[in-house]
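# Examining the three-dimensional arrangement
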Amino acid sequence: MPGCSTSSKYPRALSCGESRISFALRTLAKGSDLLSVASLDLVRARLERAKEVIRLEARTIAGLEALLDERFAEAVGLVLACPGKLVCTGMGKAGLVGQKISATLASTGTDSLFLHPGEALHGDLGMLERHDLLLAVSNSGETAEILDLVPHVKRLGLQEDRK
């Protein structure tokens, strides 16, 4: 076929545009002997580990149900009633979670942004408006940068979700 390249090792096996990984998986699915027994054992072990991780994640997510209470409902109510933006903030891993929350909300129609607390204290507070809602994400609740930010947010008159 014009524009198609084939592998020198498997000249007739690779279809146009197919990667070698796709080819290996396709041949594995057909029970081909192109992969060694050791490779098959490794693939099976990786698949079993992936299934184990999914089962663990499913149990963890199911366990979150017991943590839902009136504080969650109140936080959702604040977000839904917010006339401004939902501003997420956090440091380190918690900051990454805040970025993901903000991006997810923004992609589903909620006006949202992530504000790094260190940057906020060095000039980015101007991104905030009176009718915005601040969601501060912290594992310990004692992150210095977040605690330093709160008085400034209160002075601006923003809503604060401390749930």
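A short tour of the structure in this document, coming up.

Here is what the cut-offs are and how they apply
- Residues numbered from 1 in each chain as written.
- Predicted model: local features only at pLDDT ≥ 70, side-chain atom pairs only at ≥ 80, totals over all residues.
- Heavy atoms only, no water.
- Helix = DSSP H or I, 4+ residues; strand = E, 2+ residues; numbered from the N terminus.
- Buried < 20%, exposed > 50% of the residue type's maximum accessible area, 1.4 Å probe, protein only.
- Polar contact = N/O pair within 3.5 Å; in protein donor to acceptor, adjacent residues only side chain to side chain.
- Contact = heavy atoms within 4.5 Å.
- Right-handed = clockwise from strand over helix to strand, strands pointing away.
- Pairing = 2+ DSSP bridges.
- Core = buried A, V, L, I, M, F, W, Y, C linked by side-chain atoms within 4.5 Å.
- Expected span 1.5 Å × (residues − 1).
- Patch = residues over 30% accessible without salt bridge, like charges linked within 9 Å, V, L, I, M, F, W, Y side chains within 5 Å.
- Areas by Shrake-Rupley, 256 points an atom, 1.4 Å probe, with all protein chains shown as cover.
- Salt bridge = Lys/Arg side-chain N within 4 Å of Asp/Glu carboxyl O.

Considering the arrangement of structural elements, one finds Thr 89 in strand 1 (residues 86–90). For Thr 89, a relative accessible area of 0% puts it in the buried group. From its side chain, Thr 89 meets the backbone oxygen of Leu 115 in a polar contact 2.6 Å long. Beyond its immediate sequence surroundings of up to four residues, Thr 89 is in contact with Phe 114, Leu 115, His 116, Pro 117, Leu 134, Leu 135, Ala 136, Val 137, Ile 146 and Leu 149.

For the rest of this paragraph, the subject is the side chain of Ser 112. Along the polypeptide, Ser 112 turns up in strand 2 (residues 112–114). There is a polar contact of 3.0 Å between the side chain of Ser 112 and the backbone oxygen of Leu 86. Among the polar contacts made by the side chain of Ser 112, one reaches the side chain of Ser 102 at a distance of 2.9 Å. When sequence neighbours within four positions are dropped, the list of residues in contact with Ser 112 reads Leu 86, Cys 88, Ser 102, Leu 105 and Ala 106.

Counted residue by residue, strand 1 has five buried out of five residues, so it is predominantly covered. With helix 4 (residues 92–107) bridging strand 1 and its parallel neighbour strand 2, the resulting β-α-β unit is right-handed. Of the pairings in the sheet, the one linking strand 1 to strand 3 (residues 133–137) comprises five bridges and is parallel in character. Of the residues in strand 3, the one forming a bridge with Thr 89 is Ala 136.

With nine residues, the main nonpolar core is built from Val 87, Leu 113, Leu 115, Ala 120, Leu 125, Leu 128, Leu 134, Leu 149 and Val 153. The contacts of Leu 125, once residues within four sequence positions are left out, are Ala 120, Leu 149, His 152 and Leu 156. Core analysis: the second largest hydrophobic core is formed by seven residues, Leu 86, Ala 94, Leu 133 and Leu 135 among them.

Let us now look at helix 3 (residues 70–81). Its twelve residues give helix 3 an end-to-end C-alpha distance of 16 Å, which sits within 8% of 16 Å, the value for a rise of 1.5 Å per residue. Where helix 3 begins, the side chain of Asp 69 points an oxygen toward the backbone nitrogen of Arg 71, at a separation of 2.9 Å.

So, on to a nonpolar patch on the surface. The grouping of Leu 68, Phe 72, Val 76 and Leu 80 at the surface amounts to a nonpolar patch, some 420 Å² of accessible area in total. With respect to the secondary-structure elements, Phe 72 resides in helix 3. Given the relative accessible area of 48%, Phe 72 is considered partly exposed.

Now for the pattern of salt bridges. All told, the structure shown has six salt bridges when counted by the stated rule. With its nearest N and O atoms 3.7 Å apart, the salt bridge here joins Asp 41 to Arg 44. Taken together, the residues span about one helical turn, with Asp 41 and Arg 44 both in helix 2 (residues 37–64) at a distance of three residues. Note on Asp 41: relative accessible area 44%, which makes it partly exposed. Here Glu 129 ties to Lys 85 by a salt bridge, and the two come within 3.2 Å at their closest N and O atoms. In this pair, Glu 129 is assigned in the loop between helix 5 (117–120) and strand 3 and Lys 85 in the loop between helix 3 and strand 1, connecting sequence segments 44 residues apart.

With respect to the helices, strands and loops of the structure, Glu 52 is situated in helix 2. Take Glu 52: its relative accessible area is 39%, and that puts it in the partly exposed class. A distance of 2.9 Å separates the side chain of Glu 52 from the side chain of Arg 49, its partner in a polar contact.

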